[in-house]
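# Structure assessment
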Amino acid sequence: MCGSAADSGYASARFDGLEHESSGEYRELVPPERLAMTWRWENGEDPGESQVEIDLRTIADGTELTFTHSRLHDEDTRLTHEEGWNGALNKLERRRMRRKPLRC
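### What to know about the overall build of the protein chain
The number of helices and strands found in the protein chain is one helix and six strands. Helices (α) and strands (β) of the protein chain occur, in sequence order from the N terminus, as β-β-β-β-β-β-α. Sequence separation of at least 24 residues holds for 16% of the intrachain contacts in the protein chain that already meet a minimum separation of 6. In the structure as shown, the protein chain presents an accessible area of about 7600 Å², 50% of it carried by carbon and sulfur atoms.

Okay, structure coming up:
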């Protein structure tokens, strides 16, 4: 996943190239602790808009990440997003274990 942010508070992300593209608006940004933003698919994969929240907390051996994706349309939508986010977070963990920097 690679993302971008403009001064307007607009965010966009692409997954698997152009196959899945989402966008949203930042609702809360508290560096380096919290990011909250709206989330919607550009191609109408899911109806409506949802909310993504990322909270970071320093702990003894690193950083604890709490990821919440709420206001999803239905249970099927929740399950597909859970699968996708778990895959993305697992990739992040693998990179962390190899200590390789993230690049978009």
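Text resumes after the structure shown.
### Focus on a positive patch on the surface
A contiguous patch of positive charge on the surface is contributed by Lys 91, Arg 94, Arg 95 and Arg 98. Here Arg 98 is to be found in helix α1 (residues 75-98). We classify Arg 98 as partly exposed; its relative accessible area is 47%.

### Description of the packing of aromatic side chains
With the rule as written, the count across this model stands at three aromatic pairs. Residues Phe 67 and Trp 85 carry aromatic rings whose centres are separated by 4.5 Å and whose planes lie at 50° to one another, so their mutual orientation is tilted. Residue Phe 67 is located in strand β6 (residues 62-70), and its partner Trp 85 is located in helix α1; the two are separated by 18 residues in the primary sequence. Phe 67 sits in the partly exposed class, given a relative accessible area of 23%. With a relative accessible area of 11%, Trp 85 lands in the buried category. Aromatic ring contacts, followed pair by pair, group Trp 39, Trp 41, Phe 67 and Trp 85 into a single cluster.

### Considering the pairing of strand β4 (residues 34-41)
Counted residue by residue, β4 has six buried out of eight residues, so it is predominantly covered. Bridge count between strand β3 (residues 20-30) and β4: six bridges; the pairing is antiparallel. Each bridged residue has a counterpart across the sheet, and for Glu 28 the counterpart in β4 is Ala 36. Linkage of β3 to β4, two consecutive antiparallel strands, is achieved through a turn of three residues. Bridging between β4 and strand β5 (residues 50-59) involves six bridges; their strand directions are antiparallel. Directly across from Thr 38, in β5, lies its bridge partner Gln 51.

Thresholds, definitions, all that
Residues numbered from 1 in each chain as written. Predicted model: local features only at pLDDT ≥ 70, side-chain atom pairs only at ≥ 80, totals over all residues. Heavy atoms only, no water. Helix = DSSP H or I, 4+ residues; strand = E, 2+ residues; numbered from the N terminus. Contact = heavy atoms within 4.5 Å. Areas by Shrake-Rupley, 256 points an atom, 1.4 Å probe, with all protein chains shown as cover. Patch = residues over 30% accessible without salt bridge, like charges linked within 9 Å, V, L, I, M, F, W, Y side chains within 5 Å. Salt bridge = Lys/Arg side-chain N within 4 Å of Asp/Glu carboxyl O. Lys, Arg positive; Asp, Glu negative; His and termini not counted. Charge placed at Lys NZ, Arg CZ, Asp CG, Glu CD. Buried < 20%, exposed > 50% of the residue type's maximum accessible area, 1.4 Å probe, protein only. Phe/Tyr/Trp six-rings, centres within 6.5 Å; stacked < 30°, edge-to-face > 60°. Pairing = 2+ DSSP bridges.

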